[in-house]
Structures are given as structure tokens and as C-alpha cells.
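If you want the building blocks of each chain, they are given just below.
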Amino acid sequence: MSYQHLIIERHGPVGWLINNRPDVRNAMNNAMRDEFAEAWTELNEDPSVRVIVHTGEGRDFQTGVDVGELATDGVGMERYRQSMEEFDVHFTSWHQDVWKPVITAVNGICCGGGFHWVADADIVIAASDARFFDPHVSVGQVVAIEAIGLMKKMPVEAVMRMAFMGKYERMDAERALELGMISEIVDPPKRLRERAQELGETIAKNSPAAMAATKKALWGALEHGLTDACKAGAQHLVSMWGHPDQNEGPMAFAEKRDPNWKPLS
């Protein structure tokens, strides 16, 4: 499929999803929002892609919904009412049931709705010049879904502070690392994509089936209490028993060679 507002690339086992509205700092308009659903599905269903990297074209990662479109098209946020009421969000990997590992690589500004892809990624890295803030309340909007997801990854008060400070305070990459929003700072910033590709290629060496089951177990744990999460995790663990990769892994180790994993079905 061809995309107007996204770029899809494949580099070895790593698929890339790149926000491509750099003239408006990659703000998401309605058309781009719908393209995300197609792009995540395309990469998730491609057996040659084992890991997905999400980043932004140009100087910034993503600056949330296109406020210019909201202010001038006569429809505004009402176009999203039904999808939000039905929780059919569909523009992140989590909402599209992507069970391959997802790396978000933040370049420049990430703010507002851009936090959806920080909250819903498995691994987040950021360039040393990345900056984070949430301007929702500063433009009369509610901070909700993406911040709720972030509260599973980082201290609650840090998320609260960002929500209520709005556009008036920005968090740098060093502070984001301290708070657990990201796991790595890349310096110089021009190495961000190179580093994301390196991480993706390393992760892609592992069993696709085992990683998918692992992702289901770990993300599922965020939905449950300790005992229920462990019981569900045990089911995902057992789901790999009898899979060819469970024999291939030890055999490859014993024979001192790279494993030949089965593609994720």
C-alpha cells in the first residue's frame, strides 16, 4: 500500500514506520490517523519483519493531533467522538495487536498525542536533543489515554506534573531517562536511526514465536493483579512447548551456530 503521510521501509529484519508530515512537525491529521492502522498491520503481517521501529521524518518525532486542522475544518474533535467512545483508537501498535517487538525512536519534540507511541512501545530510545511535554490542557483538551499508559511505566507524579504543566514546561532526554520514560539516550542525535537499527537487528536474532508469547505475557501483566498475571503468563509460557524453536534454540547453541527460527505465523 502507498501512504501519503507515512513512510514504510524494510532494512533486513527491521521494518520502519516513519511519520512523514515534517512541515507540520509530524502532527497527525485525520488521514494520517487512518494510515497508521494500515501501516502497523502491513508490518505486523510481513514475515520478513521481526522488529518494528517507529520514528519521525525531519526534526521532530510527533506533536500530537493537527490543531490547525481541528481549528479550520469545521468538524474539530467531533470526528473522533465515536471512535473514542467505542475505544477504537487504532493508530498504535498496542491498539492494532502487534505482537512483534516495537522500538520507538524519539527525535526532537514529542508532545501531546505523540505520547501514545511512547506509552505503547516495548522499548523507547531518544536522541539527546529530544524534548517531551503535554500541551493538552493548554489548548482546552483532556489528558487521558496516553498518560494513563505512561503511568504504567514511570512515576505517577511525573506524569501528573507533565499533564498539569501543559505547554509551560519541557522535559529533556536526561530527565526522561531518570524517570523511566525512555531506556537509552543516543548522542549525537544523528545516530538515532543507526542505533535503532542496531537494536532491532539484535532483537531480531531471537525466536519470533517466543518473543510474541513473551510480549503477550508481559503486556498482559499490566492488565491484571499479580496472581492473575502470573497465571496468564504461565499459559503463554506453555504455549511455546512443542514449538520447533524450543528444539532449534538448544541445538543451535550446542552446534555453535545461529538458530534457524520459524517465521511468526
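Counting starts from 1 at the beginning of each chain's written sequence and moves along it residue by residue. Confidence filtering applies because this is a predicted model: local features only for residues at pLDDT of at least 70, side-chain atom pairs given and counted only at 80 or more, and all residues used for totals across whole chains, interfaces and linings. Side-chain figures throughout are based on the complete set of non-hydrogen atoms in the structure, without hydrogens or water.

*Asks:* Teacher, can you tell me more about the sheet that holds strand β7 (residues 131-133) here?
*Replies:* Picture the strands of a sheet paired through backbone hydrogen bonds; they go either parallel or antiparallel. Taken in spatial order, the 3 strands make up an open sheet running β5-β7-β8, and their pairing is mixed. What marks the edges here is a single partner per strand, and that holds for β5 (109-111) and β8 (171-172). The criterion for strand pairing is that DSSP finds at least two bridges linking the strands in question. In this text, helices come from DSSP runs of H or I with a minimum length of four residues, and strands from runs of E with a minimum of two, each type numbered from the N-terminal end. Summarising the sheet, β7 and β8 pair through 2 bridges and their orientation is antiparallel. Counted as the bridge partner of Phe132 is Met171 from β8.

*Asks:* What exactly am I supposed to notice about a nonpolar patch on the surface here?
*Replies:* On the surface, Met151, Val156, Met160 and Phe164 cluster together into a nonpolar patch covering about 380 Å² of accessible area. When its relative accessible area of 33% is taken as the criterion, Met151 is described as partly exposed. Patch members must show over 30% relative accessible area and no salt bridge, and they are joined within 9 Å when carrying like charges or within 5 Å when they are nonpolar side chains of Val, Leu, Ile, Met, Phe, Trp or Tyr. Residue burial considers only the protein chains on display, and all accessible areas are found by Shrake-Rupley using a 1.4 Å probe. For salt bridges, the criterion is a side-chain nitrogen of Lys or Arg within 4 Å of an Asp or Glu carboxyl oxygen. Exposed residues in this analysis have more than 50% of their type's maximum accessible area, buried residues have under 20%, and partly exposed residues fall in between, with area computed by a 1.4 Å probe over protein chains only.

*Asks:* Sorry if this is basic, but what is going on with the pairing of strand β3 (residues 51-56) here?
*Replies:* Residues in a regular strand point their side chains to alternate faces of the sheet. Among the 6 residues that make up β3, 6 are buried, leaving the element largely enclosed by the rest of the structure. Burial along β3 is two-sided: Val51, Val53 and Thr55 facing one way and Ile52, His54 and Gly56 facing the other are all buried. For strand β2 (residues 14-19) and β3, the ladder comprises 6 bridges, and the chain directions are parallel. Bridging from a neighbouring strand, Ile18 pairs with Thr55 of β3. With respect to chirality, the unit in which β2 leads through helix α1 (residues 30-45) into the neighbouring parallel β3 is right-handed. Direction of pairing for β3 relative to strand β4 (residues 102-106): parallel, over a ladder of 3 bridges. Bridging from a neighbouring strand, Val53 pairs with Ile103 of β4. A clockwise course of the path from the first strand over the helix to the second, judged with the strands pointing away from the viewer, identifies a crossover as right-handed.

*Asks:* Got a minute to help me understand helix α6 (residues 156-165) in this structure?
*Replies:* Owing to its 3.6 residues per turn, the α-helix aligns residues three or four sequence positions apart on the same side. Among the residues of α6, those classed as buried are Ala158, Val159, Met162 and Ala163. One face of α6 carries all of its buried residues, which in axial projection span an arc of 135°. Facing away from the buried side of α6, by more than 90 degrees, are the exposed residues Glu157, Arg161 and Phe164. We call two residues in contact when some of their heavy atoms are within 4.5 Å. As for α6, its buried residues are in contact with β7, α5 (145-150), β8 and α7 (173-179). Count one or two residues on from α6 and you reach Gly166, which has phi positive near 60°. Taken from the helix axis, the directions to the C-beta atoms give the arc we talk about.

*Asks:* How do you make sense of the sheet that holds β3 when you look at a structure like this?
*Replies:* Sheet architecture is open: 6 strands sit in the order β1-β2-β3-β4-β6-β9, paired in mixed fashion. Of all strands in the sheet, those with a lone pairing partner are β1 (6-11) and β9 (184-186), marking the two edges. In this sheet, adjacent strand axes meet at a mean angle of 20° when their direction is disregarded. Sitting on the sheet, α1 touches β1, β2, β3 and β4, and the angle it makes with β1 is about 15°. Note on definitions: angles span 0 to 180 degrees between N-to-C directions of axes, and those axes are lines fitted to C-alpha atoms, for helices only across the stretch in contact.

*Asks:* Quick question: what am I supposed to make of the environment of Val143 here?
*Replies:* On the secondary structure map, Val143 appears in the loop between β7 and α5. Leaving out residues up to four positions away in the same chain, Val143 has contacts with Asp134, His136, Val137 and Ala163.

*Asks:* Hey, could you run me through the packing of aromatic side chains in this one?
*Replies:* Two aromatic rings, taken as a pair, are described by how far apart their centres are and by the angle between their planes. Note on aromatic pairs: the rings of Phe, Tyr and Trp (six-membered ring only in Trp) are paired at centre separations within 6.5 Å, and the planes decide the class, stacked below 30 degrees, edge-to-face beyond 60, tilted for the rest. Counted by the stated rule, this structure contains 5 aromatic pairs. Between the aromatic rings of Phe91 and Trp117, the centroid separation amounts to 5.5 Å while the plane-to-plane angle is 50°, which identifies the pairing as tilted. In this pair, Phe91 is assigned in the loop between α3 (81-85) and β4 and Trp117 in helix α4 (residues 116-119), connecting sequence segments 26 residues apart. Exposure class is identical for Phe91 and Trp117. Each is buried. Among the aromatic residues, ring-to-ring pairing joins Phe36, Phe61, Phe91 and Trp117 into one connected group.

*Asks:* Sorry, what's going on with the nonpolar core here?
*Replies:* Soluble, globular proteins show a tendency: their nonpolar side chains are buried together. Residues Phe36, Val106, Phe132 and Met181 are the most contacted members of the largest nonpolar core, which totals 40 residues. Those elements that place two or more of their residues in this core are β1, α1, β4, α4, β6 (123-127), α5, α6 and α7. At 5 residues, the largest contribution of residues to this core is made by α1. Sequence-distant contacts of Val106, that is, excluding residues within four places in its chain, are made with Phe61, Val118, Val124, Ile125, Ala126, Ala127, Ala130, Phe132 and Leu192. Put simply, a nonpolar core is a bunch of buried Ala, Val, Leu, Ile, Met, Phe, Trp, Tyr and Cys residues held in one set by side-chain atoms that sit within 4.5 Å of each other. Formed by 16 residues, the second largest nonpolar core is a distinct cluster that contains Trp16, Ile18, Ile203 and Met211.

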